[in-house]
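A look at the structure
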Amino acid sequence: MSGNILIIDDEIKLLKLLGMILSQENFTVKEASTARSAMTMLEQYEFDVVLSDVRLPDAFGVDLVKTIKTKYPYLEIILMTAFGNITDAVQAMRNGAYDYLVKGDDNEKIIPLVYKALDKAKDNAAKKAQKHNTIQKGFEAIVGASPLILQAKKLAEKVAVTDATVLLTGETGTGKEVFANAIHQGSERKKNNFVAINCSAFSKEILESELFGHKAGAFTGAVKDKKGLVEEANNGTLFLDEIGEMPIELQAKLLRVLETGEFIKMGETKVSKSDFRLIAATNRDLEEEIKQGNFREDLYFRLNVFEIRLPALRERKQDLKALAKNFIDVFSQKLNISDIQVTPEYFKALEKNDWKGNIRELRNTIERSLILMNNNILDEENLPQYSGKISDEKDSFSMRSLEKEHIQKVIQYTKGNKAEAARLLEIGIATLYRKLEEYHLR
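Residues numbered from 1 in each chain as written. Predicted model: local features only at pLDDT ≥ 70, side-chain atom pairs only at ≥ 80, totals over all residues. Heavy atoms only, no water.

Here the phi dihedral of Glu242 falls at roughly 50°; this positive angle occurs in a residue that is not glycine. On the secondary structure map, Glu242 appears in the loop between β10 (237-241) and α10 (248-260). Phi is positive for Asn375, which is not a glycine, with a value near 55°. Inspection of the secondary structure assignment puts Asn375 in the loop between α15 (358-372) and β16 (377-378). (Helix = DSSP H or I, 4+ residues; strand = E, 2+ residues; numbered from the N terminus.)

Written out as structure tokens, the structure is:
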């Protein structure tokens with residue numbers, strides 16, 4: 001079976017050894033020794049499987065998994081660790097890794113595991129090709145009939161026909177990208193690109209390159225010119241998710257683009273122009289972030305032209321059944337399952353949860369329960385044990401509790417060094433201290 005493999009490891013001898021082993025299996029192999037050079041290669045070549053070390057000079061492998069899967073969701077990643085750190089491996093799989101290997105202990109597993117991951121990647125590619133025929137677009141993709149969601153949808157429909165900048169606010173997992181896409185589809189720019197990026201998923205340097213592009217030679221590994229998303233969005237729409245996480249140094253550059261339509265690529269002096277519509281989203285209180293010195297007030301005023309607040313799922317529980325049915329349809333097609341019967345107890349159990357992770361948590365729960373069900377019958381026994389438990393945060397699969405757990409693990413990993421933890425988490429030190437206080441981790 002042919003396949004394109006990227007290996008990421010700063011131990012050059014091991015990197016070359018793995019490259020030789022996989023090349024003998026007739027795989028096309030590329031090698032990178034840093035996260036930055038790996039991201040550059042991912043831009044330049046098509047890969048099916050990535051093998052990455054857990055410790056890299058410029059990134060924590062567990063977080064690199066999330067970064068890669070955010071941008072390239074259809075490839076598969078195998079994490080390699082020399083320390084047998086199972087907690088890191090579990091977090092990596094939560095972030096989207098296919099599996100993990102322990103260096104030295106699992107050598108005989110490398111080739112079989114790569115073949116399995118390659119099968120999965122090929123299947124992902126086939127599903128990606130089919131997806132365009134079935135995906136809902138525009139406002140049809142917004143499910144629900146509760147007053148709060150209908151109000152948000154009505155505002156979105158009104159602003160869609162204008163060219164105004166939109167700020168989507170609300171908790172994590174409330175469907176901001178679905179709304180952003182709907183606004184784009186309802187605008188005169190719908191025939192042009194809709195490009196999206198999560199500002200929290202990248203380090204400052206990589207985010208700057210992703211947004212503004214770079215010239216060949218701008219930094220180590222930049223072997224050719226690269227278009228940024230600002231340029232890709234010309235005459236279309238740029239969606240910046242989690243804009244509250246954007247480094248303050250990049251906020252000034254974004255403000256200049258919004259005010260003048262002009263930007264400069266990394267490593268270039270020539271000014272470029274782009275005419276795009278901006279939609280931004282955040283789960284943070286940007287006015288509070290301004291007070292804390294984490295967000296520019298002038299940028300906030302440029303963004304907050306038309307705000308739409310998306311309600312939390314607990315505020316629109318009457319939509320829960322419709323959303324659940326929609327996800328059951330989506331994942332039954334994905335898993336090739338038909339004739340599913342859903343018991344009334346299943347929906348009642350869903351209603352008992354407070355859904356701290358909102359629609360994203362519900363989506364994950366539905367997919368998991370479909371995998372666990374027997375005889376094509378969905379009942380409350382197929383739900384994770386934490387469904388219906390509201391008081392115990394550890395029993396929730398919310399993004400909030402996952403984030404808390406991940407921060408705890410990184411702090412343990414750095415032996416309490418908060419500056420190093422902030423670097424590995426790719427957040428500012430002030431943001432880390434705020435999260436430590438928020439989650440009572442001090």
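On we go.
Before going further, it helps to spend a moment on the sheet that holds strand β6 (residues 76-81). Taken together, the 5 strands give an open sheet; going across it, the order is β2-β1-β3-β6-β7, and neighbouring strands pair in parallel fashion. Each end of this open sheet is capped by a strand with a single partner; those strands are β2 (28-32) and β7 (99-102). Neighbour-to-neighbour, the strand axes of this sheet turn through a mean angle of 20°, independent of strand direction. Bridge count between strand β1 (residues 4-8) and strand β3 (residues 49-53): 4 bridges; the pairing is parallel. Among the inter-strand pairings, Ile8 is bridged to a residue of β3, identified as Ser52. Docked against the sheet, helix α1 (residues 12-23) engages β1, β2 and β6, running at close to 170° with respect to β2. Together, β1, β3 and β6 form the strand contacts of helix α3 (residues 61-71), whose direction differs from that of β6 by roughly 170°. (Pairing = 2+ DSSP bridges. Axes fitted to C-alpha atoms, helices over the stretch in contact; angles between N-to-C directions. Contact = heavy atoms within 4.5 Å.)

Among the nonpolar cores identified, the biggest contains 66 residues, and Leu6, Leu42, Ile68, Leu238, Leu240 and Leu432 are the most heavily contacted of them. Once you skip the residues sitting within four places of it in the chain, Leu432 turns out to touch Ile407, Ile411, Lys418, Ala421, Ala422, Leu425 and Ile427. Val143, Leu323, Phe327 and Phe347 belong to the second largest nonpolar core, which has 21 residues in total. (Core = buried A, V, L, I, M, F, W, Y, C linked by side-chain atoms within 4.5 Å. Buried < 20%, exposed > 50% of the residue type's maximum accessible area, 1.4 Å probe, protein only.)

On to the sheet that holds strand β8 (residues 166-169). Strand order in this open sheet of 5 strands is β9-β10-β13-β8-β14, and the pairing throughout is parallel. Only two strands of the sheet have a single neighbouring strand rather than two, namely β9 (194-198) and β14 (306-309). Averaged over neighbouring strand pairs, the angle between their axes works out to 15° when direction is ignored. One ladder, built from 4 bridges, connects β8 with β14; its direction is parallel. Bridging across to β14, Leu167 finds its partner in Glu307. Contacting β8, β9, β10, β13 (277-282) and β14, helix α7 (residues 176-185) crosses the sheet at an angle of about 155° to β8.

It is worth spelling out the UniProt feature "modified residue: 4-aspartylphosphate" (unreviewed entry) in the protein at this point. In the numbering adopted here, UniProt assigns the feature "modified residue: 4-aspartylphosphate" (unreviewed entry) to Asp53. As for its placement among the helices and strands, Asp53 is situated in strand β3. Among residues more than four places away in sequence, those in contact with Asp53 are Ile8, Asp9, Asp10, Gly61, Leu79, Met80 and Lys103. (UniProt positions renumbered as here; feature names shortened; annotations may be inferred.)

Within a pair of aromatic rings, the relevant descriptors are the distance that separates the centres and the angle that separates the planes. The final tally for this structure, using the stated rule, is 7 aromatic pairs. The interplanar angle of 55° and the centroid separation of 5.2 Å between the aromatic rings of Phe27 and Tyr115 together place this pair among those described as tilted. Of this pair, Phe27 sits in the loop between α1 and β2 while Tyr115 sits in helix α5 (residues 110-134), and the two are 88 residues apart along the sequence. Classification of Tyr115 by relative accessible area gives partly exposed; the value is 25%. Both rings, one in Phe327 and one in Phe331, keep their centres 6.5 Å apart while their planes meet at 40°; by these two values the pair is tilted. With a gap of 4 residues between them, Phe327 and Phe331 both fall in helix α13 (residues 320-334), about one helical turn apart. Cation over ring: Lys30 sits above Tyr45, and NZ or CZ is 4.5 Å from the ring centre. (Phe/Tyr/Trp six-rings, centres within 6.5 Å; stacked < 30°, edge-to-face > 60°. Lys NZ or Arg CZ within 6 Å of the ring centre and 35° of its normal.)

So, on to the confidence of the model for the protein. When pLDDT is averaged along the protein, the result is 86; 91% of the residues meet or exceed 70. Note on residues 386-397: pLDDT is under 50 here. Beyond four places in sequence and across chains, it has 26 contacts. (pLDDT = per-residue confidence, 0-100.)

Any empty space left between atoms is shown by rolling a water-sized probe over those atoms. A volume near 840 Å³ is recorded for the second largest pocket. Lining the second largest pocket we find 39 residues, and of these Ser203, Lys204, Pro247, Glu426 and Ile427 sit closest to its centre. Looking at the lining of the second largest pocket, the elements with two or more residues in it are α2 (35-44), β5 (59-60), α3, α8 (204-212), α10, α17 (418-425) and α18 (429-438). The biggest single contributor to the lining of the second largest pocket is α18, with 4 residues. Partitioned by chemical class, the residues of the lining of the second largest pocket number 16 nonpolar, 11 polar and 12 charged. (1 Å grid on protein atoms, 1.4 Å probe; cavity = no way out; pocket = protein on both sides within 12 Å on 5 of 7 lines; lining within 4 Å. Points joined across faces, edges and corners; volume = space filled by probe spheres on them. Nonpolar A, V, L, I, M, F, W, Y, C, P; charged D, E, K, R; others polar.)

What follows covers the pattern of salt bridges. Within the structure shown, the criterion is met by 21 salt bridges. Across the salt bridge formed by Lys16 and Glu31, the nearest N and O atoms sit 2.9 Å from each other. Placement of the pair is Lys16 in helix α1 and Glu31 in strand β2, with a sequence separation of 15 residues. Classification of Lys16 by relative accessible area gives partly exposed; the value is 48%. Residue Glu245 pairs with Arg284 through a salt bridge whose shortest N-O separation is 2.8 Å. Note that Glu245 is positioned in the loop between β10 and α10 and Arg284 in the loop between β13 and α11 (286-291), a separation of 39 residues in sequence. (Salt bridge = Lys/Arg side-chain N within 4 Å of Asp/Glu carboxyl O.)

A common way to state how big an interface is: give the accessible area lost once the parts meet. What the domain assignment reports for the protein is domain 1 (3-132), domain 2 (141-311), domain 3 (325-382) and domain 4 (399-439). In this complex, domain 2 contributes 5 residues to the contact, which on the side of domain 3 involves 6 residues. Summed over both sides, the interface of domain 2 with domain 3 buries roughly 420 Å², with 44% coming from carbon and sulfur. The tally of links between domain 2 and domain 3 comes to 4 residue pairs in polar contact (both at pLDDT 80 or more). (Domains from an automatic or database assignment. Buried area = accessible area lost by both parts, 1.4 Å probe. Polar contact = N/O pair within 3.5 Å; in protein donor to acceptor, adjacent residues only side chain to side chain.)

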